[in-house]
Amino acid sequence: MSTSDRPSGTDHRFSGTDADADGVLAEQLLRLTRRLHRIQKHHLEPVGITPAQSRLLRTVAHFGEPPRMADLATRLEVVPRAVTSLVDGLETGGRVRRVPDPSNRRVVRIELTDAGRATLRELRSARRAAAEDILAPLTVDQREVLGGLLSALVDRVPESGC
């Protein structure tokens, strides 16, 4: 957005060049991400799970059949070692289990347990509460606009491959 496109009386942090405004926006997004992580972590504490474990559990649930560790690493865009650590923690808590692949006994798949499915139900309400905390200052219309803007940023395929 160019300086002339901005409404008068807007936040003074956006005065100056577009590069300055982009830097401010990037910093605000980083601060919001950190705040969201803290709020989410707070709401997940009673469930006894970390945000990363929550994400892995939800990812396992979205596969039609128990996924391989490599499938999880790819979907989560992390290194396989990170998945191993997350699965270890969830397995210790009885939320997932490692099972051999029926067609290739050398392949290990990750399967939700009954406790894992129960945790997913708890996670849904914890995530809703965290979202409400972070979005509380926004109206319904503002939330819709924000959703569209975030989709435009998240769904964009970067040319640099990052």
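Scroll up for the structure.
Predicted, not measured: the structure shown is a model, and the values here were computed from it. (Residues numbered from 1 in each chain as written. Predicted model: local features only at pLDDT ≥ 70, side-chain atom pairs only at ≥ 80, totals over all residues. Heavy atoms only, no water.)

Quick word on the environment of L138
Next up, step 1: Here L138 is to be found in the loop between helix 5 (114-135) and helix 6 (140-154).
Next up, step 2: For L138, a relative accessible area of 28% gives the class partly exposed.
Next up, step 3: In this view, L138 contacts R143 and L146; residues no more than four positions away in its chain are not counted. (Helix = DSSP H or I, 4+ residues; strand = E, 2+ residues; numbered from the N terminus. Buried < 20%, exposed > 50% of the residue type's maximum accessible area, 1.4 Å probe, protein only. Contact = heavy atoms within 4.5 Å.)

Focus on the layout of surface pockets
Next up, step 1: Within this model, the largest pocket holds a volume of roughly 1,500 Å³.
Next up, step 2: Contributing to the lining of the largest pocket are 28 residues, with L29, L32, L36, L146 and L150 lying nearest its centre.
Next up, step 3: Going through the elements one at a time, helix 1 (18-44), helix 5 and helix 6 are the ones with two or more residues in the lining of the largest pocket.
Next up, step 4: Looking at the lining of the largest pocket, the element that brings in the most residues is helix 1, giving 11 residues.
Next up, step 5: When grouped by side-chain class, the residues that make up the lining of the largest pocket number 19 nonpolar, six polar and three charged. (1 Å grid on protein atoms, 1.4 Å probe; cavity = no way out; pocket = protein on both sides within 12 Å on 5 of 7 lines; lining within 4 Å. Points joined across faces, edges and corners; volume = space filled by probe spheres on them. Nonpolar A, V, L, I, M, F, W, Y, C, P; charged D, E, K, R; others polar.)

Re the nonpolar core
Next up, step 1: If you look at the biggest cluster of nonpolar residues, it comprises 21 residues, and the most contacted ones within it are L56, L57 and V83.
Next up, step 2: Those elements that place two or more of their residues in this core are helix 2 (51-62), helix 3 (69-76), helix 4 (80-92), strand 2 (108-112) and helix 5.
Next up, step 3: Ignoring anything within four residues of it in the chain, the contact list for V83 reads L56, M69, L72, A73, L76 and V78. (Core = buried A, V, L, I, M, F, W, Y, C linked by side-chain atoms within 4.5 Å.)

A word on the side chain of R109
Next up, step 1: Within the element layout of this structure, R109 appears in strand 2.
Next up, step 2: Engagement of the side chain of R109 in a polar contact is seen with the side chain of D101, the distance being 2.5 Å.
Next up, step 3: Setting aside residues up to four positions removed in sequence, R109 forms contacts with E65, P66, P67, R68, D71, R97, R98, V99 and D101. (Polar contact = N/O pair within 3.5 Å; in protein donor to acceptor, adjacent residues only side chain to side chain.)

Looking at the pattern of salt bridges
Next up, step 1: Taken as a whole, this structure holds seven salt bridges when the rule is applied.
Next up, step 2: For R109, the salt bridge is made with D101, and the minimal N-O distance between the two is 2.5 Å.
Next up, step 3: Since its relative accessible area comes to 5%, D101 is described here as buried.
Next up, step 4: Through salt bridges that share partners, D88, E91 and R98 make up one connected network. (Salt bridge = Lys/Arg side-chain N within 4 Å of Asp/Glu carboxyl O.)

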